[in-house]
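Breakdown of the fold
Here's the letter readout for the chains.
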Protein chains: 2
Amino acid sequence: MNKKANTTYPINDILSKRWSPRAFADKVVEKEKLQSILEAARWSPSASNEQPWFFILGWNNDATYQKIFETLVEFNQMWAKNAPVLIISVGKQINSKDEPSSIFKYDVGQSVAHLTFQASIEGLYVHQMVGFDPDKAAELFQIPEGYEAISVMSIGYIGEPSMLHPRMQKAEKAERERKELSAFIFEEKFGKKSEII
Amino acid sequence: MNKKANTTYPINDILSKRWSPRAFADKVVEKEKLQSILEAARWSPSASNEQPWFFILGWNNDATYQKIFETLVEFNQMWAKNAPVLIISVGKQINSKDEPSSIFKYDVGQSVAHLTFQASIEGLYVHQMVGFDPDKAAELFQIPEGYEAISVMSIGYIGEPSMLHPRMQKAEKAERERKELSAFIFEEKFGKKSEII
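Once a new chain begins, its residue numbering starts again from 1 and follows that chain's sequence as written. Chains and ligands are labelled sequentially in the order written, the chains with letters from A and the ligands with numbers from 1. A pLDDT threshold of at least 70 governs which residues receive local features in this predicted model, and a stricter bar of 80 or more applies before side-chain atom pairs are shown or counted, although totals over entire chains, interfaces and linings include all residues. Only hydrogens and water are removed before side-chain values are computed, so all heavy atoms of the structure are retained for them.

Quick notes on the nonpolar core
Take the buried Ala, Val, Leu, Ile, Met, Phe, Trp, Tyr and Cys residues and link them wherever side-chain atoms come within 4.5 Å; each set so joined is a nonpolar core. Remark: exposure states derive from per-residue accessible area (1.4 Å probe, protein chains only) relative to the maximum for the residue type, with buried under 20%, exposed over 50%, and partly exposed in between. One finds Leu38, Phe55, Ile88 and Ile155 of chain B to be the most contacted residues of the largest nonpolar core, which totals 59 residues. Counting from the N terminus, the helices are DSSP H or I runs at least four residues long and the strands are E runs at least two residues long. Counting residues per element, this core draws most heavily on strand β1 (residues 53–59) of chain B, at six residues. Those residues in contact with Ile155 of chain B that sit more than four places away from it in its chain are Phe24, Val29, Ile37, Ala83, Pro84, Val85, Ile87, Leu115, Leu124, Tyr125 and Val126 of chain B. Residues Ala23, Ala25, Trp59 and Leu164 of chain A belong to the second largest nonpolar core, which totals 58 residues. Contact definition: two residues touch when any of their heavy atoms are within 4.5 Å.

Some details on the relation of the copies chain A and chain B
In this comparison the copies share one frame, found by least squares on the C-alpha atoms of residues holding pLDDT of at least 70 in both. In screw terms, the move from chain A to chain B is a rotation of 180° and a rise of 0.0 Å along the axis, fitting with an RMSD of 0.0 Å. Read as a symmetry element, the transformation amounts to a two-fold axis. Most of the interface of chain A is mirrored in chain B, where 100% of its interface residues again form contacts.

Regarding the interface of chain A and chain B
Across the boundary between the two partners, chain A contributes 78 residues, which contact 78 residues of chain B. Summed over both partners, buried area is the accessible surface (1.4 Å probe) that two parts give up on being assembled. When chain A packs against chain B, close to 7,000 Å² is buried across both sides, 61% of that on carbon and sulfur atoms. Its largest share of buried area at the contact with chain B, chain A owes to Trp43, Tyr106 and Phe190 of chain A, together 13% of the area lost on that side. Criterion for a salt bridge: a side-chain nitrogen of Lys or Arg within 4 Å of a carboxyl oxygen of Asp or Glu. Inspection of the region where chain A meets chain B yields two salt bridges. Between Glu180 of chain B and Arg42 of chain A there is a salt bridge whose closest N-O contact spans 3.9 Å. Each polar contact in these results corresponds to two N or O atoms within 3.5 Å; when the atoms are within protein, one needs to be able to donate a hydrogen and the other to accept it, and residues that are neighboring in sequence are counted only if both atoms are side-chain atoms. Seen at the junction of chain A and chain B, the total is 50 residue pairs in polar contact (both at pLDDT 80 or more).

Points about the side chain of Thr64 of chain B
For Thr64 of chain B, the position within the fold is in helix α3 (residues 63–71). For Thr64 of chain B, the residues in contact, after removing those within four places along its chain, are Glu187 and Glu188 of chain A together with Ile56, Leu57, Gly58 and Phe141 of chain B.

Regarding the pairing of strand β3 (residues 125–129) of chain A
Residues and elements named next belong to chain A. Within β3, five of the five residues are buried, which leaves it mostly tucked inside the rest of the structure. Where β3 lies against strand β4 (residues 147–156), five bridges are found, and the strand directions are antiparallel. The partner of Val126 across the bridge, within β4, is Ile155. Being paired, for any two strands, means DSSP has found at least two bridges between them.

Notes on helix α3 (residues 63–71) of chain A
Taken residue by residue, α3 of chain A has Thr64, Tyr65, Ile68, Phe69 and Thr71 of chain A as its buried positions. Each buried residue of α3 of chain A lies within a common arc of 155° when the element is viewed along its axis, so the set occupies one face. What the arc measures is the spread of directions leading from the helix axis to the C-beta atoms.

Quick word on the sheet that holds β1 of chain B
Here we have five strands laid out as an open sheet, ordered β5(A)-β1(B)-β2(B)-β4(B)-β3(B), and mixed in their pairing. A strand with exactly one partner marks an edge of an open sheet, and here the two such strands are β5 (185–186) of chain A together with β3 (125–129) of chain B. Helix axes are fitted to C-alpha atoms over the stretch in contact, other axes to C-alpha atoms as well, and angles between N-to-C directions run from 0 to 180 degrees. Helix-sheet contacts for helix α2 (residues 31–42) of chain B involve β5 of chain A together with β1, β2 (85–92) and β4 (147–156) of chain B, and the interaxial angle to β1 of chain B is about 165°.

Shown next as structure tokens:
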């Protein structure tokens, strides 16, 4: 199975081999690797260095793992049960000037991307989900007002597509697809293709 | 000058050497490198593969560059004038089901982070800004309703801190700082430090 990105221009293997599987192997993720991927998230940039990211981490079927799992929608529970690590990302809605931030989700997204990049280096895979109940997460983890649960990540080593429910196997084996560069790299005005690409 | 991240746990050099300078060298960025960093942005993950990211790119002092520059606040204009490339990131607020998306900024942030990884691999540096006028950007580039200018990136090779206005030189040379892992990696409940770190 080759899920490597079919790129128009060359990119580093760490990026081209990254994708979001549903089949995770029954294999423990080493504590040292988790530490490194979390450290990567830490060194992400953010507006005014606000660092609006927080992560609630469950692993090895601990109580936190179980609670995160409970917040997932049924479809995601079907496959995420095989992932040895589940993490909820939480963003801080208010900046240090006590004003609502318009950029905190963007910065949490960057931090998660840094995590996925280090995960790819470690041979790990990450599948992010928005299919979970953020209100339930807030309740179960006592997330205070002013903070928002944004996504759940499943993390682990990759498994065999055959372990998945039949309706998920097709997507697991399908080629990865993205819109063409000409559809989103513009110059002069929005919608006009850049000459660079 | 050593700006390498002072990490608690090891992370890859591509991440630890990445930071956001204000001093950019007077050196053209090769078209091939721009193509690769944009390709990296393309292969970022997104909720339901919506790919809500769009980029307006100015370089080599072209008309697009000039217009992006005009949108920057005065403080950012003071240093960004040295960056050979300026890019506005734009997010799509509505998903393909015609519903307001709660996750598009998070996904645009991820895409920009992927761009910064490939930039780091290419020996380039990126400094992101929210200090710009998104309404002016919308007007100058005819950004349609339902789309939102989110950030501006300056990109180039690194320059000498001495080229900056004196009030910016201190930050340029300062050690990079982040909150401790214990301040944002939790288990059981929000605020309780994870045993992993």
